[in-house]
Amino acid sequence: MFPFQANSQKLKEINRKRICLIHSYNCNFPTYTHVSKAINEFIDSTDYQIDVEFMNSKEFVDDVYIERFHDFLSYKLSKRKAYDLFLVADDYALEYVLKYEESLFKNKPIVFWGVNNIDLAIEQNSNPYCTGVVEDVSVKETLNLAKTLNPKLEEIFVISDNTITGKNDLKRMLKLKDLTTLVNIHTLNLSELSFSEFENNLQQLKGEKALLLLSLYRDKDFKYKPFYDGLNLIKKNSDLAIYHLWKHGVGEGIVGGNLIHHYRQTQEALKMADQILKGADIKDMPVLEESPNQCYLDYNELKRLNLMPAIFPNDWTIINRPSSSIHLSKRSLYLFLSISMCVCGLLFFFIYYAKKQNCLKKELIKAQRNANRVDELKNAFLSNISHEIRTPLNGILGFSEFLSLPDVNDDDRIKYFEIITENSHQLLNVVNEIVEIAKVQSGHSEIKMEMVDIYSLLSEIVPEYRLKSEQKNLKLMLMNSKVVKSVYADRQYLSKIIRKLLDNAIKFTHDGCIEIGYYKRMDFIEFYVKDTGIGISNDLVHIIFENFRQVQESDIRQYGGLGLGLSITKAFVKSMGGKIWVESKENKGSCFYFTLPYKEQDLASLISAEVYFSGN
């Protein structure tokens, strides 16, 4: 077993409630992403410790594997401290737990979700130690949806497989009344077909037909395919609309349906578990029979299959949907305001740049030994600033000309506005960074030092960057300290420091995770932002906080930006009496640290300290 989240506070570990999650499948199963997200967001690791056991039942179903899983779990349960509650995900796990309830889980509360064996789930109302949430698929609602989108639809072919879940889903579906009044139902049952035979049957389906995917993991020969391999097999052999009853796959080739969302299922089960561990009687919690399902559709698939309705009802969730043309007037106003601000900013920049050049010339006269280094820095800056300003400006001017053409349709017009807006933002960011570094380094910025609530500040920042991380398939972890509550700082400056460090971490990390945390060290609070990105070589780490510098000149082109972010961050930290440094290994990742006073202090004595670096 492995902890879902670690906690470094040893004193609190004794009092933490222990939970074991027994999951029917494995961590690569599509629904587990939603389960993991719900647990991370709902469960406080300072109060609970969650261990996870995977049965991997989609891939292994033979008796030998089940027996070994049972032996291994029994051994671990006998060696570990007793658990306070067991969570159970999906049918295989619930059947297993109920089978061995007396020997392994006796008198322990059990909370399940994702169970589509409705009869078995309802039976637990008579079990004084078990409750949970059923997974009741919305078959009729999804068939009605398919018929609404395509009134000419004549036949739906239901895809099921040779797994226990697949057989149960198909059996329960065929028992539903009045299905054939909606549309003719046929089955493509991999309990009777091999994958190759299934492909041949798919290739024969043409015309006003659609597919309803129940399960496609194992064929009659017990050959196994992961979910997305099965979905790709369908897309390769058929152009028909594919409907589903679960959310995974929507946006990747599935039109949609009235879907089960495992995030919401897990969330409901965790609420029950939390109440039980806080003293509520499980006998007073009946099984939740109404599955929290919702209509999801993929705009791109609707458009590809010519299934676009005249209007979208408010209770439909549409993914990949372009922005509405209603907002064009607001965007136009915002666009022209942005361009005006950029022009003013550019004028300021050229004045600033001219003064900067004069300063550079004076520095060259006073210090000839630094001439080569200053010259290289100037050339890099000129090249970079030329690229960062001309590229978005060319985009703004070019697509503004396209908007004036009479034959531009609404879709293209929306697209051009989005491109112009994006380039305006990019240009505005360039100006803002130059203004910001100039104000701080000239001493004209106003600092308002106060006691800042760290948890409140991070609660505003982290959710925004968690979304950005998920767009790159990265995991963002926040390690809150239960000892430290506040720090003596300028709230606005502290927010900007954290945002700039998180921006860099996400930009330079392509795989893995990002972690942000803080803890008390003597009279200071030490913050850190750690990533598994490209890292920095030891011989270059000393230049990373200089103006207009990045790790390598090639990085400026690959990743964009002026190279001012860390210069600004350094200035902010130093102006509040703190220090900043970095520890990094090339191709392994980096960890940026900075300190700020724990309580109100004399800033004059703190600001005199030099910023330092560590490359260990």
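Throughout what follows, the structure given in this document is the object of discussion. Nothing here was measured: the structure is a model prediction, and the numbers come from that model. (Residues numbered from 1 in each chain as written. Predicted model: local features only at pLDDT ≥ 70, side-chain atom pairs only at ≥ 80, totals over all residues. Heavy atoms only, no water.)

1. Thoughts on the overall build of the protein chain
In step 1: What the protein chain contains, in helices and strands, is 20 helices and 19 strands.
In step 2: A total of 616 residues make up the protein chain; the buried ones form 51% of that total.
In step 3: Restricting the contact set of the protein chain to residue pairs at least 6 apart, pairs at least 24 apart contribute 73%.
In step 4: Carbon and sulfur atoms provide 51% of the accessible area of the protein chain, an area that totals close to 31,000 Å². (Helix = DSSP H or I, 4+ residues; strand = E, 2+ residues; numbered from the N terminus. Buried < 20%, exposed > 50% of the residue type's maximum accessible area, 1.4 Å probe, protein only. Contact = heavy atoms within 4.5 Å. Areas by Shrake-Rupley, 256 points an atom, 1.4 Å probe, with all protein chains shown as cover.)

2. Considering helix 17 (residues 491–507)
In step 1: With 17 residues, helix 17 ought to run about 24 Å at 1.5 Å a step, and its terminal C-alpha atoms sit 24 Å apart, in line with that.
In step 2: Among the residues making up helix 17, those that are buried are Y493, L494, S495, I497, I498, K500, L501, L502, A505 and I506.
In step 3: N-cap assignment for helix 17: the residue whose side-chain oxygen lies 2.9 Å from the backbone N of Q492 is D490. (Expected span 1.5 Å × (residues − 1). Polar contact = N/O pair within 3.5 Å; in protein donor to acceptor, adjacent residues only side chain to side chain.)

3. Focus on the packing of helix 17 against helix 19 (residues 565–575)
In step 1: Look at helix 17 against helix 19: their axes get within 10 Å of each other, and the N-to-C directions meet at 150 degrees. By the angle between their directions, the pair helix 17 and helix 19 is classed as roughly antiparallel. Handedness of the crossing formed by helix 17 with helix 19: left-handed. Residues Y493, K496, I497, K500, L501 and N504 of helix 17 touch helix 19, and the partners they reach there are G565, L566, I568, T569, F572, V573 and S575. (Axes fitted to C-alpha atoms, helices over the stretch in contact; angles between N-to-C directions. Parallel < 35°, antiparallel > 145°, perpendicular 65-115°, else oblique. Left-handed = near helix turned anticlockwise from the far one by under 90°.)

4. Quick look at the sheet that holds strand 16 (residues 513–521)
In step 1: Strand order in the open sheet formed by 5 strands is 14-16-17-19-18, with mixed pairing between adjacent strands. Each edge of the open sheet is held by one strand with a lone partner, namely strand 14 (475–479) and strand 18 (580–585). Neighbouring strand axes in the sheet, compared pairwise and without regard to direction, differ in orientation by 15 degrees on average.
In step 2: Note that strand 18 and strand 19 (residues 589–597) share 6 bridges and pair antiparallel. Pairing of V582 across the sheet is with F592, part of strand 19.
In step 3: Against the sheet, helix 16 (residues 454–471) engages strand 14, strand 16 and strand 17 (524–531), with an angle of about 170 degrees to strand 14. (Pairing = 2+ DSSP bridges.)

5. Here's the deal with the packing of helix 16 against helix 17
In step 1: At a minimum axis distance of 11 Å, the contact between helix 16 and helix 17 shows a crossing angle of 20 degrees. Taken as axis vectors, helix 16 and helix 17 run roughly parallel relative to one another. In the packing of helix 16 onto helix 17, the handedness of the crossing is right-handed. Listed contacts from helix 17 to S456, L457, L458, E460, I461, E464, Y465, K468 and S469 of helix 16 are R491, L494, S495, I498, R499, L502, D503 and I506.
In step 2: Of the residues that constitute the contact of helix 16 with helix 17, the class distribution is 8 nonpolar, 3 polar and 6 charged. (Nonpolar A, V, L, I, M, F, W, Y, C, P; charged D, E, K, R; others polar.)

6. Details of the pairing of strand 2 (residues 48–54)
In step 1: In terms of burial, strand 2 is a largely internal element, 7 of the 7 residues being buried.
In step 2: Side chains Y48, I50, V52 and F54 project from strand 2 onto one buried face, and the interleaved Q49, D51 and E53 project onto a second face that is buried too.
In step 3: Where strand 1 (residues 17–23) meets strand 2, 7 bridges bridge the pair, whose relative direction is parallel. Within the sheet, the bridge partner assigned to I22 lies in strand 2 and is E53.

7. Regarding the nonpolar core
In step 1: Residues V487, L494, I498, L502, F527 and F594 are the most contacted members of the largest nonpolar core, which totals 42 residues.
In step 2: Where this core is concerned, the elements lending two or more residues are helix 16, strand 15 (486–489), helix 17, strand 16, strand 17, helix 19, strand 18 and strand 19.
In step 3: By residue number, the principal contributor to this core is helix 17, which donates 8 residues.
In step 4: With residues up to four places along the chain from it excluded, the contact list for F527 reads I454, V487, L494, G517, Y518, F592, Y593, F594 and L596.
In step 5: If you look at the next biggest cluster of nonpolar residues, it comprises 32 residues, including V139, L179, L214 and A241. (Core = buried A, V, L, I, M, F, W, Y, C linked by side-chain atoms within 4.5 Å.)

8. Considerations on unusual backbone geometry
In step 1: Positive phi values are uncommon outside glycine, yet D90 reaches one of about 75 degrees.
In step 2: A residue is classified by how much of its surface remains accessible, and D90, at 5% relative accessible area, is buried.
In step 3: Unlike most non-glycine residues, M522 shows phi in positive territory, near 60 degrees.
In step 4: Looking at where M522 falls in the secondary structure, it is placed in the loop between strand 16 and strand 17.

9. So, a negative patch on the surface
In step 1: Taken together, the side chains of D62, D63, E67 and D71 present a region of like negative charge at the surface.
In step 2: Looking at where E67 falls in the secondary structure, it is placed in helix 3 (residues 63–79). (Patch = residues over 30% accessible without salt bridge, like charges linked within 9 Å, V, L, I, M, F, W, Y side chains within 5 Å. Salt bridge = Lys/Arg side-chain N within 4 Å of Asp/Glu carboxyl O. Lys, Arg positive; Asp, Glu negative; His and termini not counted. Charge placed at Lys NZ, Arg CZ, Asp CG, Glu CD.)

10. A short note on the sheet that holds strand 2
In step 1: On the basis of which strands lie adjacent, the open sheet formed by 5 strands has the order 2-1-3-4-5 and parallel pairing. The two strands at the open ends of the sheet, each matched to only one other strand, are strand 2 and strand 5 (130–134). Sheet twist, expressed as the average angle between the axes of neighbouring strands with direction ignored, equals 20 degrees.
In step 2: Note that strand 3 (residues 85–89) and strand 4 (residues 110–115) share 4 bridges and pair parallel. Within the sheet, the bridge partner assigned to A89 lies in strand 4 and is W113.
In step 3: Packing against the sheet, helix 2 (residues 32–42) makes contact with strand 1, strand 2 and strand 4, and its axis sits at approximately 170 degrees to strand 1.

11. Some points on the packing of aromatic side chains
In step 1: Under the counting rule described, the total for this entry stands at 19 aromatic pairs.
In step 2: Taking 5.0 Å as the distance between ring centres and 25 degrees as the angle between the ring planes, the aromatic pair formed by F60 and Y65 counts as stacked.
In step 3: What makes F60 partly exposed here is its relative accessible area of 32%.
In step 4: The exposure class of Y65 is partly exposed, given its relative accessible area of 23%.
In step 5: Between F86 and F105, the ring centres sit 4.8 Å apart and the planes meet at 80 degrees, which makes this aromatic pair edge-to-face. Of this pair, F86 sits in strand 3 while F105 is found in the loop between helix 5 (101–104) and strand 4, placing the two residues 19 residues apart along the sequence.
In step 6: Grouping aromatic residues by their ring pairs yields a cluster made of F69, Y83, F86, Y96, Y100 and F105.
In step 7: If you follow R18 out to its NZ or CZ, it ends over the ring of Y83, 4.5 Å from the centre. (Phe/Tyr/Trp six-rings, centres within 6.5 Å; stacked < 30°, edge-to-face > 60°. Lys NZ or Arg CZ within 6 Å of the ring centre and 35° of its normal.)

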